[in-house]
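Listed here are the chains, written in short residue letters.
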Amino acid sequence: MPKIVLEHVTKRWDKFYGVDDLNLVIEDNAFVTLLGPSGCGKTTTLRMIAGLETPTSGKITIGDTVVYDSEQGINIPPNKRKVGFLFQNYALWPNMTVHDNIAFGLENIKENLPNVYDDAKAASGLLAALAKPKEVVDIIKECVDKKGKLDEQKCLIKLIDRYEISMFSAQKLLKYNLQGASNLEETAKKCAAELEKVVDAAKKDAAAKGGELDAEFHCIVNGKPVSSVRRLSKEEIDLAVRRVSRIVKIGMFMDRYPSELSGGQQQRVAIARTLAPKPGVLFMDEPLSNLDAKLRLEMRSELQRLHLETGSTFVYVTHDQMEAMTLATKICLIDNGLLMQYDPPLKVYNQPNNTFVADFVGNPVINFINAKGNQVGANLELDILGGVKAVFKPNEALNMAQWRKELADSLAAKANEEAAKAKQKGYVEKQNKEVPFNYHVALVDEMEDYGDEVVLSDEDYVIGIRPEFITIDGNIEGEIYSSMPTGMETTVRIAVGNYIITGVMFGGMVYNLGDKVKVGFKGNNAILFDRKTGRKIALGALEID
């Protein structure tokens, strides 16, 4: 499957930058989720890769093909990019059956395709079935009701799925009437003999052209299939429809209309239609947003299975961080058109690049605690929570003076790069400029935010602690502010002075509002951020003096 590479891709509308200088590599067979708040640029990114939106500048490569290059003037249309697109609203034709909805895109394909000996391929599928005639009879008998009447539709679907044949072949197999044959083996051999003639005729025709048949019944000459500009045959279309219906388990719904299906079934039809042309890349734009919570959970599992079975590269847009965490091999987190982090889900969760990423990923949300202090030896001595003395012990050696110098060099280099861009011809100043993320510190008495600018120094830090690393057997005095049990776990909010700390306690524990507790921090997963820039400094343990 193809790898997707985005190089310096920008999309702007006048002075508003929807996507700003995005560099991204999506490996083949990856499941990448584009995650971020509404309006951050994730759908725009997806649409640019698919060809539904034209970038302002940059370069996009799918596999070995450059599909867009602003400098070279390349812009391959969407229908030539060999990608599938699954929309949020499914976009099924209400006046078409499920079969026709899936087949619709296939019927409109007209391009250079390998020629196929359809009759011989169909005959080969029937020969495989006739090799085990008793099995065919058993399948047919399974579809006979108590009154002895054959459920023909059910029988055809079972034959199609068992032998991976088309509807036309299944109907032919049923017409052989093997279940009524006086001598099953002889009847099967007689039918097979006629089919073998069809296969032999195809082989002779291929040999006459100087080639031979491959497993898909293409005529291979000099190592390449003989091809021509053509449409798909009815046999090819039906085989493709039946193949994807098996994958998403909707074989029994082929004759129904979308209005006769549940939301989950309509979702499966939309997926099948997208998979039918065998796209190398499958794009999905919030496809589960219209489903209820239980069905969304089931469909997440189905999408994981589909990714494994199809071997395609999946690119999935969502603003639901739970979907991103559970589905993705990598999360691409975007905010204000800028790439914030591109890593596997657990790394994004445990090692966020900045306070925005830490805040956006995780439910319940991370605890942010303002801190003030300096490095003393290997550790940082800090004041937190209105006067509590704490020590941050980094997991790896940390030199704050060196870190500050590298940060200053990085900011200076970025400023120089922006200044150089501003001098280039055609430069448009960005209206939606990058600003530090305004993280939220939970308080008992929330003060009105008047937007007053706080003067910060190099002594100002932010500590981020996930709720699962909060304990109630520490040494900071607090009381239960709220308690929300869910059975498997209980989310508690603890008031420490005017500050609120959120913790997750596993097990069927019950806490009463107002109960006095002792708050502590466990493990070495506390995250130290620079308060001025919001950037991550280090991971470590937070201990109370």
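Note: the structure precedes this text.
Residues numbered from 1 in each chain as written. Predicted model: local features only at pLDDT ≥ 70, side-chain atom pairs only at ≥ 80, totals over all residues. Heavy atoms only, no water.

Caption draft 1: Geometry of the pattern of salt bridges. With the rule as written, the count across this model stands at 30 salt bridges. Taking the shortest distance from any N to any O, the salt bridge between Glu-216 and Lys-121 comes out at 2.9 Å. Of the two residues, Glu-216 sits in the loop between strand 9 (212-213) and strand 10 (219-221) while Lys-121 sits in helix 3 (residues 118-130), which places them 95 residues apart along the sequence. Note that Asp-320 and Arg-300 form a salt bridge whose closest N and O atoms lie 3.8 Å from each other. Of the two residues, Asp-320 sits in the loop between strand 14 (313-318) and helix 11 (321-327) while Arg-300 sits in helix 10 (residues 293-310), which places them 20 residues apart along the sequence. A residue is classified by how much of its surface remains accessible, and Arg-300, at 13% relative accessible area, is buried. (Salt bridge = Lys/Arg side-chain N within 4 Å of Asp/Glu carboxyl O. Helix = DSSP H or I, 4+ residues; strand = E, 2+ residues; numbered from the N terminus. Buried < 20%, exposed > 50% of the residue type's maximum accessible area, 1.4 Å probe, protein only.)

Caption draft 2: Local environment of the nonpolar core. The biggest cluster of nonpolar side chains holds 37 residues, and the ones touching the most others in it are Val-98, Ile-102, Ile-250, Ile-271, Met-284, Leu-303 and Leu-306. Elements that contribute at least two residues to this core include exactly helix 2 (98-107), helix 8 (234-248), helix 9 (263-275), strand 13 (281-285), helix 10 and strand 14. Here this core gets 6 residues from one element, more than from any other, and that element is helix 8. Here Met-284 is in contact with Phe-31, Leu-46, Leu-86, Leu-303, Phe-314, Val-315, Tyr-316 and Val-317, once residues within four sequence places are set aside. Formed by 35 residues, the second largest nonpolar core is a distinct cluster that contains Ile-494, Ile-501, Val-519 and Leu-528. (Core = buried A, V, L, I, M, F, W, Y, C linked by side-chain atoms within 4.5 Å. Contact = heavy atoms within 4.5 Å.)

Caption draft 3: Representation of helix 5 (residues 152-163). In this model helix 5 runs 16 Å from its N-terminal to its C-terminal C-alpha over 12 residues, within 8% of the 16 Å that 1.5 Å per residue would give. Among all positions in helix 5, only Cys-155, Leu-156, Ile-157, Leu-159, Ile-160 and Tyr-163 are buried. On its buried side, helix 5 packs onto helix 3, helix 4 (133-142), helix 6 (167-175) and helix 8. Within two residues after helix 5, Glu-164 carries a phi angle of roughly 55°, on the positive side. (Expected span 1.5 Å × (residues − 1).)

Caption draft 4: The packing of helix 5 against helix 6, seen in detail. The contact between helix 5 and helix 6 brings their axes to 9 Å, and the two run at 115°. Taken together, helix 5 and helix 6 sit at an angle that is classed as roughly perpendicular. The element helix 5 and its partner helix 6 pack so that their crossing is right-handed. Between helix 5 and helix 6, the contacting residues are Glu-152, Gln-153, Cys-155, Leu-156, Leu-159, Ile-160 and Tyr-163 on the first element and Met-167, Ala-170, Gln-171, Leu-173 and Leu-174 on the second. Residues that form the contact of helix 5 with helix 6 fall into these classes: 9 nonpolar, 2 polar and 1 charged. (Axes fitted to C-alpha atoms, helices over the stretch in contact; angles between N-to-C directions. Parallel < 35°, antiparallel > 145°, perpendicular 65-115°, else oblique. Left-handed = near helix turned anticlockwise from the far one by under 90°. Nonpolar A, V, L, I, M, F, W, Y, C, P; charged D, E, K, R; others polar.)

Caption draft 5: Inspection of the sheet that holds strand 10 at higher detail. Strand order in the open sheet formed by 3 strands is 9-10-11, and the pairing between neighbours is antiparallel. The open sheet has two free edges, formed respectively by strand 9 and strand 11 (224-225), since each of these has just one partner strand. (Pairing = 2+ DSSP bridges.)

Caption draft 6: Looking closely at the packing of aromatic side chains. Summed over the entire model, instances satisfying the criterion amount to 8 aromatic pairs. Aromatic pair Phe-31 and Phe-314: ring centres 5.2 Å apart, planes at 55°, arrangement tilted. One end of the pair, Phe-31, is in strand 3 (residues 31-35); the other, Phe-314, is in strand 14, with 283 residues separating them in the sequence. Among the residues examined, Phe-314 registers a relative accessible area of 0% and is labelled buried. Each member of the aromatic cluster is reached from another via a ring pair, and the members are Phe-31, Phe-314 and Tyr-316. A cation over an aromatic ring shows up here: Lys-330 above the ring of Tyr-342, its NZ or CZ 4.5 Å from the ring centre. (Phe/Tyr/Trp six-rings, centres within 6.5 Å; stacked < 30°, edge-to-face > 60°. Lys NZ or Arg CZ within 6 Å of the ring centre and 35° of its normal.)

Caption draft 7: Broad picture of the sheet that holds strand 7 (residues 83-86). The mixed open sheet is built from 6 strands, whose spatial order is 7-13-14-3-15-16. Where the open sheet ends on each side, the last strands, each with one partner, are strand 7 and strand 16 (338-343). Pairs of neighbouring strands in the sheet enclose a mean axial angle of 15°, with direction left out of account. The pairing of strand 3 with strand 14 spans 5 bridges and is parallel. Bridge assignment links Leu-35 to a residue of strand 14, and that residue is Thr-318. Lying over the sheet, helix 1 (residues 42-50) contacts strand 3, strand 7, strand 13, strand 14 and strand 15 (330-335), oriented at roughly 150° with respect to strand 13. Helix 9 rests against strand 7 and strand 13 of the sheet, and its axis sits at about 165° to strand 7.

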